[in-house]
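Notes for the structure review
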Amino acid sequence: MNHVAQAPLLSLKGITKRFTGVLALDQVSIDLHGGEVHMLMGENGAGKSTLMKVLCGAYQPDEGHFESEGRPVQVRSTADAQRLGVAVIFQEYSLVPHLNIAHNIYLGREPRRRVPGLIDHGRMHREARSVLDRLGLDIDTHRVVEGLGVAQQQMIEIAKALSQHARILVLDEPTAALSERETERLFEVIADLKREGVAMAYISHRMAEVFSLGDRVTVLRDGKRVATMPAGQASADELVTLMVGRKVDMSYHRGERPACGPCVLELRGASSTGGIRDVSLKVHAGEIVGLAGLVGSGRTEVARAIFGADALTAGEVLVHGERLKGRPTDSRSKGLGLIPESRKQQGLALARTVGDNLLISGLRKLFASGLYRPRQALAHASSMVSTMRIATRGPRQLSRHLSGGNQQKIVIGKWLLAGTRIYLFDEPTRGIDVGAKEEIFRLIDKLVNDGCAVLMISSELGEVVRVCDRAYVMKEKRVAGVVARADLDETNLLRLAMHHE
Amino acid sequence: MNTLVQKIHLAPEQRSLLLRVIVLLLIGAGLALVSSAFLGANNLLNLLRQASLVFLLASGLTLVILCGGLDLSIGANVALSACLAATVMKATGSPLAGCAVGLASGLLVGAVNGLLVTRVRVPPFIATYGTLWILHGLTYWFMAGDTIHGFPPAFRFLGSGYWLGVPVPVFLMFGVLALGTLFLQYTTMGQEIYATGSNTEAAALSGVPVLNRRLLVYMLSGGMAGLASLVFLARLNSAEGDMGEALTLQAVGAVLIGGTSLFGGTGTLAGTLVGALVLTVVLNGMNLLAISANWQPLITGVIVIVSVAADALSRRRSGD
Amino acid sequence: MSKANRVALTASLPRRGLPQLPGVAWLLLALLLGLSAVAPGFASAANALNVAQQATLLLLLALPMTLIVMTEGLDLSMGASLSLCTVVLAVVSLGSGSLALGIAAALLAAVLIGLLNGVLIAWLELPPFVATLGTLGVAQGLALVLAEGRSTSGVGDGLATLWNGAVMGLPVPLLFAAAAWGLFHVLLHHTRFGVAVIALGGNREALKLAGMNERGSLIAVYALGGLFVGLAALLLGARLGGGHPTAAIGMEFDAIAAVAVGGTLFERGKGSLGGTVLGVLAVGVMRNGLNLLSMPSSLQVAAVGAVVIVALVVDALRGQQH
């Protein structure tokens with residue numbers, strides 16, 4: 001179907017947006033045509049999320065204007081955007097934990113009885129039910145959102161947007177937390193929406209999605225639009241080059257590594273308060289062991305149990321044959337380090353400086369007497385900043401001002417300074433742009449070449465296959481199996497991870 | 001004035017401290033112009049003595065707040081510790097015994113608060129407010145409406161005495177400031193306290209013993225309340241059940257005016273010192289100008305609001 | 001954690017059969033049984049009515065406090081504001097000769113303080129603890145200054161019926177309390193405002209993204225608190241026969257204690273108005289019982305504090321694995 005001749009349902013023209021000291025968007029224009037999926041790509045910090053926030057009225061642009069079907073319109077608030085028919089599916093969840101599903105879907109738009117203006121619960125739940133059915137979600141609308149898993153919450157976000165009967169739908173990495181089955185369902189809905197003539201703007205970091213779903217691709221870099229082209233005409237390499245602005249060496253792959261050393265970390269029959277059951281695994285010095293599985297299969301809980309963040313209810317964790325006490329302070333002193341899933345909430349103190357964050361785990365080791373010397377600390381921090389190539393003004397800069405990739409480097413760097421030998425990575429490259437991802441893989445590689453041991457959790461099977469020596473697969477809080485190097489490919493991993501229907 | 005100070009390249013904490021010192025000097029200058037008695041040696045020394053007492057109490061509170069907690073029981077702690085110390089001193093005639101009991105009582109209360117917050121996981125506000133009630137009741141019951149007067153001169157020296165022409169509590173104040181600042185800035189424990197207050201979960205996952213640090217700061221707060229109770233007792237030379245009721249709010253005011261954030265992770269003892277001085281100077285000024293004591297809570301409230309709001313606005317403007 | 005499998009008591013869920021009995025209910029039961037056994041005159045209809053009447057004042061404060069706590073806030077200024085408003089009531093009524101004017105002035109003063117709190121917290125984004133501590137000082141100061149040298153008693157019988165009167169045998173204050181509870185229930189469970197309150201405590205961003213005015217809602221919560229402080233001032237003024245600048249000092253802590261014991265403090269999004277009612281009764285019953293046991297006031301305060309802590313500790317150990 002050729003929609004090029006018709007005026008786009010919504011256009012942004014010449015949008016510029018400044019924050020204190022930062023030019024987030026620079027004269028960006030984008031057209032959203034009905035029945036089309038317009039992919040938006042770019043590194044983190046390129047301006048994709050900012051553009052989407054302008055689109056839905058949450059941010060006001062400093063320059064530029066909107067056009068709806070060729071006519072200029074004013075969008076000064078989220079209400080204005082909603083009136084134009086814009087709905088957004090967010091990456092940071094916009095759900096209220098203590099409200100039930102129906103309330104969350106209709107937040108701010110609750111159906112009301114005529115008199116006396118009170119909420120009509122019956123109608124709200126009926127309409128919520130029909131939206132959920134469309135997505136194939138079999139959950140009671142009275143359930144409170146708080147208890148739902150990440151993937152289910154994402155699906156509720158999608159239901160919320162669908163219920164607005166939007167003409168223009170904005171999707172910000174909607175599949176990041178979804179399983180294969182849920183992703184398929186979403187793609188079916190998107191196909192339906194295309195047929196209905198809905199225009200969609202879709203942010204994605206996944207090449208496969210871009211090519212299978214997208215009709216058109218726009219690449220942003222440093223706040224500017226660098227290219228727009230039909231999806232069929234683009235190639236992966238070309239897109240990456242456009243995003244990064246330079247040729248990216250995607251050549252990292254698992255090189256030949258020296259034979260790995262003795263077993264340094266072992267779980268024996270571990271069950272924990274996080275829900276894992278009877279998990280046993282081994283990690284040797286010099287190897288990268290992957291931990292794969294669907295969202296909710298218990299991978300994070302395994303890492304937390306090893307580190308002592310969750311208490312064990314059965315079994316034990318052994319480091320060099322010695323049983324761990326199950327407290328993070330003890331784990332740290334025995335050479336373990338955890339790089340958590342959510343670096344902003346669990347990995348860093350954003351209000352503190354880069355240097356403070358880098359030193360926090362290494363304090364006992366570097367200042368064994370208990371006396372802290374700021375000058376020495378600064379020296380340690382500076383040297384780590386340059387070793388890891390953290391893009392910052394210096395150790396005295398506040399951590400919250402760094403990009404996602406650099407913040408991740410701080411988290412890794414803090415364990416390096418602590419003399420960690422066993423690293424537990426939980427989704428190390430989530431929300432990080434292409435260039436930084438490669439750097440992190442190289443970093444992990446260097447760690448194991450130095451004799452460290454790495455356990456790496458990742459939802460991207462391709463990543464697991466590229467980087468790991470072998471992998472355990474979790475399913476429903478237990479170990480479903482282990483895949484040896486020779487058999488390490490996406491199909492095998494997926495087969496072990498999936499439900500038996 | 002903010003932009004003027006920004007041109008002198010200082011770290012934000014130092015900038016905020018400098019601003020507060022300037023405000024203090026301005027208020028002082030204003031009072032000096034309006035009241036001839038303000039700059040009198042007697043008045044200034046008394047002022048310093050009072051500020052020292054507030055600071056001693058507020059110093060422990062600063063540590064608790066830095067670590068992400070709150071301690072509302074400090075005033076009641078002062079009362080109980082002072083009354084216990086007084087009783088022991090009267091009974092044994094020994095200032096040393098009294099001091100030991102006062103300090104021990106303060107520490108014990110601190111430990112109870114700390115355990116309630118860290119082991120039983122009661123929210124700090126409720127825990128310390130509950131202990132406040134309990135302490136208040138215990139003190140009242142213990143004293144049974146009596147007052148204890150008259151302590152040995154050796155002891156009274158602590159609160160009313162002079163050394164080198166300066167009131168003794170002032171030396172204590174600077175001593176605590178020095179030791180406390182050294183502790184916060186130059187020990188690993190100090191760094192861990194800041195980290196715990198800034199993001200407790202991240203600190204725990206970085207291997208910081210957050211519960212132990214929290215317990216520690218509550219005990220220090222209790223200990224400082226114990227010390228303050230001795231100074232207070234020495235100055236008043238008498239003990240009764242409801243002594244020190246106004247001190248809690250003054251200490252909280254000093255900490256907040258001094259720039260320590262209630263969210264934890266930012267603040268300094270020097271700031272608290274300046275905050276204590278500002279508060280005391282303002283109250284002193286009101287006395288000199290014969291402003292009815294009824295205005296005190298009003299003015300204190302306004303100052304606290306203004307200083308915290310100023311901090312919030314400047315943080316927003318600098319894009320933090 | 002089996003939360004996913006538990007059908008949680010949500011604020012928006014209409015009651016389906018008997019809810020699990022919260023800890024406060026057991027506390028109240030224990031208090032009632034215990035005090036009936038030891039306190040002379042406790043277990044009588046007259047005393048029960050007396051307790052309920054006294055408790056209405058606290059309830060008028062604790063109900064809006066529940067909503068405030070649900071938004072992760074606090075209002076420490078309620079006691080001072082309440083005292084101030086009784087003074088305003090007295091001074092304006094006596095000064096102008098018109099009770100109606102006095103009532104209007106008192107309500108206005110209360111709402112203004114509530115709005116001040118709301119603006120400080122929602123616009124200037126001050127921590128509620130600090131903001132309301134500040135307004136506490138302001139209100140307290142104003143109350144003292146206003147009452148100085150002025151007559152504040154003998155406001156008159158017109159007001160007294162508010163406290164002493166009865167409709168169909170039920171004391172007016174109780175009707176007040178029932179109406180207030182009903183109003184808050186409807187507000188919280190059946191209006192968009194109630195949804196906003198829950199969202200303010202759970203995920204403020206969500207409100208903004210849904211196009212709702214999150215600042216306005218937050219200000220409204222505190223203003224609502226102010227309004228009910230004003231209503232409480234009318235009742236208190238009726239009971240005292242006038243105004244007094246320190247009449248209600250510390251009452252906000254009783255209100256917070258009632259809210260906390262009622263279960264809201266630990267799980268902010270799951271505010272329980274019923275829990276608060278039980279909490280208010282628990283605090284009121286305790287005070288009454290201890291009075292009958294001739295326990296001096298300061299010790300009473302200590303005892304209430306101890307019981308609150310014990311109740312919270314038990315609740316914490318019982319079900320919440322943080």
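Reading the values: the criteria
The residue count restarts for each chain, going from 1 along the sequence in the order it is written. Labels are handed out in written order, letters beginning with A for the chains and numbers beginning with 1 for the ligands. The model is predicted, so local features are restricted to residues of pLDDT at least 70 and side-chain atom pairs to those at 80 or more, both for listing and for counting; the totals for chains, interfaces and linings are taken over all residues. Strands here mean DSSP runs of E at least two residues long; helices mean DSSP runs of H or I at least four residues long; both are numbered from the N terminus. In this scheme every C-beta is placed from the backbone, and a residue whose C-beta has 20 or more other C-beta atoms within 10 Å is buried, one with 12 or fewer is exposed, and one in between is partly exposed. Here, residue contact means that the backbone-derived C-beta atoms of the two residues sit within 7 Å. Here the radius of gyration uses the C-alpha set of atoms, whereas the globule reference equals 2.2 Å times the residue count to the power 0.38. Ten residue types, Ala, Val, Leu, Ile, Met, Phe, Trp, Tyr, Cys and Pro, are classed as nonpolar, four, Asp, Glu, Lys and Arg, as charged, and the remainder, Gly among them, as polar. When DSSP locates at least two bridges between a pair of strands, those strands are taken to pair. The axes are straight lines fitted to the C-alpha atoms, using for helices just the contacting stretch, and the angles between their N-to-C directions are given from 0 to 180°. Angle categories are assigned with fixed cut-offs, so that under 35 degrees is roughly parallel, over 145 is roughly antiparallel, 65 to 115 is roughly perpendicular, and the rest are oblique. Only buried residues count toward a nonpolar core: Ala, Val, Leu, Ile, Met, Phe, Trp, Tyr and Cys, linked into one set through C-beta atoms within 7 Å. Confidence scores labelled pLDDT are given residue by residue by the predictor and lie between 0 and 100. Should the near helix be turned counterclockwise from the far one by less than a right angle, the crossing is left-handed, whereas a clockwise turn marks it as right-handed. A helix is expected to span 1.5 Å multiplied by its residue count minus one.

A tally of helices and strands in chain C yields 13 helices and two strands. With 322 residues in all, chain C has 57% of them scored as buried. Within chain C, residue pairs in contact and separated by at least 24 positions form 79% of the contacts whose partners lie at least 6 positions apart.

Helices and strands together make up the secondary structure of chain A, namely 18 helices and 20 strands. For 501 residues, the compact-globule estimate of 2.2 N^0.38 gives 23 Å, and chain A sits close to it at 24 Å. Referenced to the eigenvectors of the C-alpha coordinate spread, the extents of chain A come out at roughly 70 × 50 × 45 Å. Classification of the 501 residues of chain A by burial places 49% in the buried group. For chain A, restricting intrachain contacts to residue pairs at least 6 apart in sequence, the fraction spanning at least 24 positions comes to 69%.

So, on to the interface of chain B and chain C. Of the residues lining the interface, 29 residues belong to chain B; the matching set on chain C comes to 37 residues. When residues of the side of chain B that touches chain C are traced back to their parent elements, those giving at least two are α6 (124-143) and α14 (296-317) of chain B. Per-class residue counts for the side of chain B that touches chain C are 21 nonpolar, seven polar and one charged.

So, on to the sheet that holds strand β2 (residues 22-32) of chain A. All names here are of chain A. Pairing is antiparallel across the open sheet formed by four strands, whose spatial order is β2-β1-β4-β5. Of all the strands in the sheet, just β2 and β5 (71-73) have a single pairing partner and so form its edges. Averaged over all pairs of adjacent strands, the angle between their axes in this sheet comes to 30 degrees, without regard to strand direction. Relative to β5, strand β4 (residues 63-68) is paired through three bridges, and the arrangement is antiparallel. Within β5, the residue paired with F66 across the bridge is V73.

Moving on, we come to helix α12 (residues 247-257) of chain B. Buried residues dominate α12(B), accounting for 10 of its 11 residues. In the stretch just after α12(B), G259(B) is the one whose phi turns positive, near 100 degrees.

Contact residues are listed per partner, giving 24 residues for chain A and 22 residues for chain B. Only α10 (328-333), α11 (343-347) and α13 (363-366) of chain A provide two or more residues apiece to the side of chain A that touches chain B. Within the side of chain A that touches chain B, the residues separate by chemical class into 12 nonpolar, eight polar and four charged.

Now for the packing of helix α3 (residues 78-96) of chain C against helix α11 (residues 251-261) of chain C. All names here are of chain C. Here α3 crosses α11 at 130 degrees, and the two axes come no closer than 6 Å. Taken together, α3 and α11 sit at an angle that is classed as oblique. In contact with M78, G79 and L82 of α3, α11 contributes M251, E252 and A255. Among the residues making up the contact of α3 with α11, the classes are represented as four nonpolar, one polar and one charged.

Moving on: the nonpolar core. Generally speaking, soluble globular proteins have nonpolar side chains that are buried together. One finds V454(A) and L57(B) to be the most contacted residues of the largest nonpolar core, which totals 370 residues. Every residue in contact with L57(B), bar those within four places of it in the chain, is listed here: I74(B), V78(B), M224(B), A225(B), A228(B), L247(B) and A251(B).

This next bit is on the confidence of the model for chain C. Residues and elements named next belong to chain C. Of the residues in chain C, 87% have a pLDDT of 70 or more, and the chain-wide mean is 82. For chain C, helix α13 (residues 297-318) is the element with the lowest average pLDDT, namely 72, and helix α4 (residues 99-122) is the one with the highest, namely 94. With pLDDT under 50 throughout, residues 1-19 is counted as low confidence; its partners more than four residues away or in other chains account for 25 contacts. Under the prediction, the complex receives an ipTM of 0.88, its pTM being 0.79.

With that settled, consider the sheet that holds strand β18 (residues 453-457) of chain A. Residues and elements named next belong to chain A. If you walk across this open sheet you meet the six strands as β16-β17-β18-β13-β19-β20, and the pairing is mixed. The outermost strands of the open sheet, each flanked by one partner alone, are β16 (336-339) and β20 (478-483). Taken pair by pair, the neighbouring strands of this sheet meet at an average axis angle of 20 degrees, ignoring direction. Sheet strands in contact with helix α18 (residues 490-497) are β13 (288-293), β19 (470-475) and β20, and its direction is about 25 degrees off that of β19.

To continue, consider the packing of α3(C) against helix α10 (residues 214-240) of chain C. Residues and elements named next belong to chain C. Interaxial distance between α3 and α10 falls to 8 Å at its minimum, and their mutual angle equals 55 degrees. Classed by the angle they form, the pair α3 and α10 counts as oblique. Here α3 and α10 pass one another in a crossing that is right-handed. Along the contact surface, α3 presents M78, S81, L82, C85, T86, L89 and A90, while α10 presents G225, V229, G230, A232, A233, L236, G237 and L240. Here the contact of α3 with α10 is built from residues that sort into 10 nonpolar, five polar and no charged.

Residue and element names in this part refer to chain B. Examined against the element boundaries, L96 turns out to sit in helix α5 (residues 95-118). Exposure remark for L96: the 11 C-beta atoms within 10 Å place this residue in the exposed category. Between the C-alpha atoms of L96 and A144, which are 48 residues apart in sequence, the distance is 25 Å.

Residue and element names in this part refer to chain A. One ladder, built from five bridges, connects β19 with β20; its direction is antiparallel. Looking across to β20, one finds that V473 is bridged to G481. Hairpin connection from β19 to β20: two residues lie between these consecutive antiparallel strands, with E476 at a positive phi of about 50 degrees.

What follows covers helix α12 (residues 273-292) of chain C. Residue and element names in this part refer to chain C. Between its terminal C-alpha atoms α12 stretches 28 Å, which fits the 28 Å expected from 20 residues at 1.5 Å a residue. Where burial is concerned, most of α12 is hidden: 16 out of the 20 residues are buried. Of the residues flanking the end of α12, it is S294, one or two places downstream, whose phi is positive at about 60 degrees.

With that settled, the discussion passes to unusual backbone geometry. Backbone geometry at E173(A) places phi at a positive 45 degrees, although glycine is not the residue there. By the element assignment, E173(A) lies in the loop between β7 (168-172) and α6 (180-195). Take E173(A): there are 20 C-beta atoms within 10 Å of it, and that puts it in the buried class. The phi torsion at E72(C) lies on the positive side, around 65 degrees, for a residue other than glycine. Relative to the elements of secondary structure, E72(C) occurs in the loop between α2 (45-70) and α3.

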